[in-house]
Amino acid sequence: MNEFKLAITENCGGLLKKSVLMYQLHSWNPSILRKVFCYCSGSVGLANTKLCSSAISAVAKSAIYGSNKCLNEFAKSGRIHDAQKLFESMPERDEFTWNSMISGCAELGKLVEARKLFDQAPSKSAITWSALISGYCRYGYEIEGFQLFWLMQHEGHKPSQFTLGSVLRICSIKGLLSKGEQIHGYAIKTNLDANVFVITGLIDMYAKCLQVMEAEVLFEMMPDGRNHVTWTAMINGYSVNGDASKAIGCFKGMRDEGIGANQYTFPAVLSACGTNSNIRFGVQVHSCVVRGGFEANVFVQSALVDMYAKCGDLDNAKQAIDRMEVDTAASWNSLMVGYVRNGLEDEALFLFKVMHQRTMGLDEFTYPSVLNCLTSKQNVKIGKSVHCLVIKSGFQGFKLICNALVDMYAKQGDLYSAFEVFNNMPDKDVISWTSAVTGYAHNGFHEEALEFFCKMRISGIEPDQIVTSSILSSCSELALLELGQQLHASSLKSGLGLFLSVNNSLLAMYAKCGCLKEANRVFNSMPIRNVMTWTALIVGCAQNGKGKESLQLYDEMIQSGTKPDFITFIGLLFACSHAGLVEQGRLYFESMVNVYGITPGPDHYASMIYLLGRSGKMQEAEKLLDEMLVGPNATVWKALLAACRVHGNEDLAKRAALALFELTPQDAVPYIILSNIYSSAGKWEEAAAVRKLMRSRSVIKEPGYSWLEMNGKVHKFLSEDRSHPKAKEIYHKIDDVIKLIKEAGYVPDMNFALHDINEEGKELGLAYHSEKLAVAFGLLYLPQGAPIRIYKNIRVCGDCHSAMKFISKIFNQHIILRDSNCFHHFLVGICSCGDYY
């Protein structure tokens, strides 16, 4: 004020000019300015109030402009508290003032404040509505966002391309395909479907809603006006939908049109390269990254690490991490996953320790990676330590981590901890249930796996290809053909039959249930086969007494270009050992080492030793045992002991049995076999001594039993057991059967009556073996002509094997008997094993 008093003698125009200047410099409010103007007017004798009023109005507008500019800068830079103070001090506000505040609050997630300002705004334009809608959509409040979107139109405001972009973004994030299609329809009606910004949003929405064909059509319909954002949306769309080849092709097209890629494009195409393991093109993209100056971008760097790790080039992945100025959990997670995939669990664990030491900020993707590498290390202590860290860091409620914990504990055999985590999960998805079901199956609890699978279906969770493959494996182990057939039908209806893993499991299930025709039908229908496919059928043929067919399949496999693996040779040698093909077995054993560089494992040695021993070449079998590169395990000694049983080699049998007594002291099998060898030789005192040793060590023999499935129910039989509801009819039937087959030439083999009792007692004991009771039940109650499928937990005895051949001939019945070793198909008096079992 004093400055104006000193300038009182100046003309009115000059004084008015100075008033405006001082207002702008000192942010005087309009009331002070009005006093200044009145003082000036009176001092120079001016009476033109109209001029004074106009000047005040002009200055006020200039003041709002300046304040709005400052307010907008505060809001955009996130200084919302400063913006709020300025907003409250402003005596006059226009539409821009309100829109700036609403937009600033909405962008920072202060949606309550934004809505309050929106409701208080004296007037609302399309920009005002769009600012609030954008905020709700940005933070995932799709219900409120769409309500405002429809209300905006009801109030007579036309949404702009930016409004549509906001609602399309929430459709992309939330997978709201139906809502996205409605927005698409609105865009067509309002001619906004020609706008590049809207089309890009639609492409992104359709792609992320897994409707990539619709996205592709929109992309192809706009040959002009495509910018780097549009191309990036399409590349990312292909990548998200698993079509890595098209993503790479789209990137090439983008480059051909001269469109420059940026920090959002490179991660999408690098992800596609990783998915396809296309490291050659990935290296070329890396060159583009360097030339474009994006190598320092943290998102691009993380994508490079991920690409190299997925392609198995861990050295370059490590170099890419070392070049990063800022460590990110995402890039380290990618490298850790790469180590795990390549079997380098120790390196993955070391990486996790470094991340923890650097306090890098472990996230919900870090823990699953380290837990996955612990599944094969069988170290529960480390797993529990990681679990404690999960709880301390507050991640125990994350579904992804809980699923990994269930899987880790289950694969380490700690089912109690696995199901403790599972039962405490508030929200379980298909992966949670799959981890639990496969956990049971992985640990040999196949009945529990089936029960849990039923609970999963009751809870409304649809099975995926992983749990379907796992439960089919349980059906294989339990020989539940009917359930396996139901799963086969279900997989075809749901489309899971397209997965290679499901087809492989189906093939193995049919083969292990003795259904080679069905197994071959699955094999022939498969468009893609891998080494597991061929191996499953090779092993299946071998187990079903088709050893020569197994070897023929192997030749076809080699001709197809499929390379055999460790398991393939186990199947081949098994086929040779159960068909007496000694020379072929030797050739395969040698080629495994000399041609394919596969080091023989205990299972390979076991098959070769059994093959040689079963063929009477006991000295060669013993020599191979002594020349093993690794110490023989229980499987090898059991193979030698089984060969000794065939030829009655007591000395070598004793050596094998003593080794097994040390390795597996609680396993009843070596005690029983050695005792039976002595009993067969009539050495009852030695047999009794072995039985006494067994009792002194509290070794419990699993009772031999047989079972068959009929109408969804399993019927179980123990030798000389009369607990079955139809026991009376069954025993009458078996007596009739024994009488008929005796008339046809059957003679009970007393060598398998291994108790020192009279001849009549031995014969009755043989007549009521569990498999004979099972076949009598099948003859009584199964439909005429249906095969009788019997499963036995131990090897079939020689007497029962002989009896089955007679029964199949007399009753014209196909009998399929699976014992602990292989399948026996009895038909017209002949067994598929050729009596070589």
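Refer to the structure printed above.
My aim in this report is to walk through the structure given alongside it, one point at a time. On a predicted model such as this, the values are computed, not experimentally measured, just so you know.

**Looking at the environment of Ser696**
Item 1. Position of Ser696 relative to the elements: it lies in helix α41 (residues 684-696).
Item 2. Residue Ser696 is classed as exposed on the basis of its relative accessible area of 56%.
Item 3. There is a polar contact of 2.7 Å between the side chain of Ser696 and the backbone oxygen of Leu693.

**Some points on the sheet that holds strand β6 (residues 830-831)**
Item 1. With respect to topology, six strands assemble into an open sheet ordered β2-β1-β3-β4-β5-β6, the strand pairing being mixed. A strand with exactly one partner marks an edge of an open sheet, and here the two such strands are β2 (713-718) and β6.
Item 2. Lying over the sheet, helix α44 (residues 770-781) contacts β1 (705-710), β2, β3 (788-792) and β4 (815-818), oriented at roughly 20° with respect to β1.

**Brief notes about the packing of aromatic side chains**
Item 1. This structure, assessed with the given rule, holds 30 aromatic pairs.
Item 2. Measuring from ring centre to ring centre gives 5.8 Å for Tyr440 and Phe452, while their planes differ by 65°; the resulting arrangement is edge-to-face. In this pair, Tyr440 is assigned in helix α26 (residues 430-442) and Phe452 in helix α27 (residues 446-458), connecting sequence segments 12 residues apart.
Item 3. Members of the aromatic cluster, joined through ring pairs, are Phe419, Phe422, Trp433, Tyr440, Phe445 and Phe452.
Item 4. One Lys or Arg, Arg226, reaches over the ring of Phe219 and ends 4.1 Å from the middle of that ring.
Item 5. Across from the ring centre of Tyr705, 4.2 Å away, lies the NZ or CZ of Lys716, which sits over that ring.

**Examining the state of the cysteines**
Item 1. This structure, assessed with the given rule, holds zero disulfides.
Item 2. Sulfur of Cys475: no disulfide; nearest cysteine sulfur belongs to Cys513 and is 7.5 Å away.
Item 3. Looking at the unpaired Cys515, the closest cysteine sulfur is the one in Cys513, lying at 6.0 Å.

**Observations regarding the nonpolar core**
Item 1. Core analysis: the biggest nonpolar cluster contains 219 residues, and Ile203, Phe266, Val285, Tyr367, Leu371 and Leu640 have the highest contact counts within it.
Item 2. Element by element, the count of residues in this core is highest for helix α38 (residues 634-647), at nine residues.
Item 3. Apart from the residues within four sequence positions on either side, Leu640 is in contact with Ile609, Met618, Leu625, Leu652 and Ala656.

**A short note on the packing of helix α22 (residues 366-374) against helix α24 (residues 399-411)**
Item 1. In the contact formed by α22 and α24, the axes pass within 9 Å of each other and the chain directions differ by 5°. Relative to α24, the element α22 lies roughly parallel. The residues of α24 that touch α22, namely those facing Tyr367, Pro368, Leu371, Asn372 and Leu374, are Leu400, Ile401, Ala404, Leu405, Asp407 and Met408.
Item 2. Split into classes, the residues belonging to the contact of α22 with α24 amount to nine nonpolar, one polar and one charged.

**What to know about α24**
Item 1. Here α24 spans 18 Å end to end across 13 residues, near enough to the 18 Å set by a 1.5 Å rise per residue.
Item 2. Among the 13 residues of α24, 10 are classified as buried, and the element is accordingly described as predominantly covered.
Item 3. Among the residues making up α24, those that are buried are Ile401, Cys402, Asn403, Ala404, Leu405, Val406, Asp407, Met408, Tyr409 and Ala410.
Item 4. On its buried face, α24 is in contact with α22, α23 (380-392), α25 (415-423) and α26.
Item 5. Just downstream of α24 lies Gly413, where phi reads positive at about 85°.

**Observations concerning the layout of surface pockets**
Item 1. Empty space within the second largest pocket amounts to approximately 780 Å³.
Item 2. Lining the second largest pocket are 26 residues, and of these Pro368, Asn372, Asp407, Lys411 and Ile431 lie nearest its centre.
Item 3. Secondary-structure elements contributing two or more residues to the lining of the second largest pocket are α20 (329-341), α22, α24, α26 and α28 (465-478).
Item 4. At seven residues, the largest contribution of residues to the lining of the second largest pocket is made by α26.
Item 5. A breakdown of the residues in the lining of the second largest pocket according to their chemical character gives 10 nonpolar, 11 polar and five charged.

**A short note on empty space enclosed by the protein**
Item 1. In this structure the tally under the stated criterion is three cavities of 30 Å³ or more.
Item 2. Looking at the second largest cavity, its volume works out to about 50 Å³.
Item 3. Forming the boundary of the second largest cavity are Phe453, Arg457, Pro463, Thr468, Leu487, Ser490, Ser491, Ser494 and Leu496.
Item 4. Residue assignment for the lining of the second largest cavity shows that the elements contributing at least two residues are α27 and α29 (481-494).
Item 5. Looking at which element gives the most residues to the lining of the second largest cavity, the answer is α29, with four residues.

**Observations regarding the environment of Leu587**
Item 1. Note that Leu587 resides in helix α35 (residues 582-594).
Item 2. For Leu587, a relative accessible area of 55% gives the class exposed.
Item 3. Residues Leu587 and Leu573, spaced 14 residues apart in sequence, show a C-alpha to C-alpha distance of 9.9 Å.

**Observations regarding the pattern of salt bridges**
Item 1. In this structure the tally under the stated criterion is 20 salt bridges.
Item 2. Among the salt bridges present, the one from Glu295 reaches Arg323, with a minimum N-O distance of 3.6 Å. On the criterion of sequence distance, the pair formed by Glu295 in the loop between α17 (279-292) and α18 (298-310) and Arg323 in the loop between α19 (314-322) and α20 is long-range, its members being 28 residues apart.
Item 3. The class of Arg323 is partly exposed, set by a relative accessible area of 40%.
Item 4. As a salt-bridge pair, Asp322 and Lys318 come within 3.1 Å of each other at their nearest N and O atoms. Of the two residues, Asp322 and Lys318 are both situated in helix α19; the distance of four residues between them amounts to about one turn of the helix.
Item 5. What makes Asp322 exposed here is its relative accessible area of 53%.
Item 6. Residue Lys318 is classed as partly exposed on the basis of its relative accessible area of 32%.
Item 7. One network of salt bridges, in which partners are shared, links Glu220, Arg226 and Glu257.

Rules and cut-offs
- Residues numbered from 1 in each chain as written.
- Predicted model: local features only at pLDDT ≥ 70, side-chain atom pairs only at ≥ 80, totals over all residues.
- Heavy atoms only, no water.
- Helix = DSSP H or I, 4+ residues; strand = E, 2+ residues; numbered from the N terminus.
- Buried < 20%, exposed > 50% of the residue type's maximum accessible area, 1.4 Å probe, protein only.
- Polar contact = N/O pair within 3.5 Å; in protein donor to acceptor, adjacent residues only side chain to side chain.
- Pairing = 2+ DSSP bridges.
- Contact = heavy atoms within 4.5 Å.
- Axes fitted to C-alpha atoms, helices over the stretch in contact; angles between N-to-C directions.
- Phe/Tyr/Trp six-rings, centres within 6.5 Å; stacked < 30°, edge-to-face > 60°.
- Lys NZ or Arg CZ within 6 Å of the ring centre and 35° of its normal.
- Disulfide = S-S within 2.5 Å.
- Core = buried A, V, L, I, M, F, W, Y, C linked by side-chain atoms within 4.5 Å.
- Parallel < 35°, antiparallel > 145°, perpendicular 65-115°, else oblique.
- Nonpolar A, V, L, I, M, F, W, Y, C, P; charged D, E, K, R; others polar.
- Expected span 1.5 Å × (residues − 1).
- 1 Å grid on protein atoms, 1.4 Å probe; cavity = no way out; pocket = protein on both sides within 12 Å on 5 of 7 lines; lining within 4 Å.
- Points joined across faces, edges and corners; volume = space filled by probe spheres on them.
- Salt bridge = Lys/Arg side-chain N within 4 Å of Asp/Glu carboxyl O.

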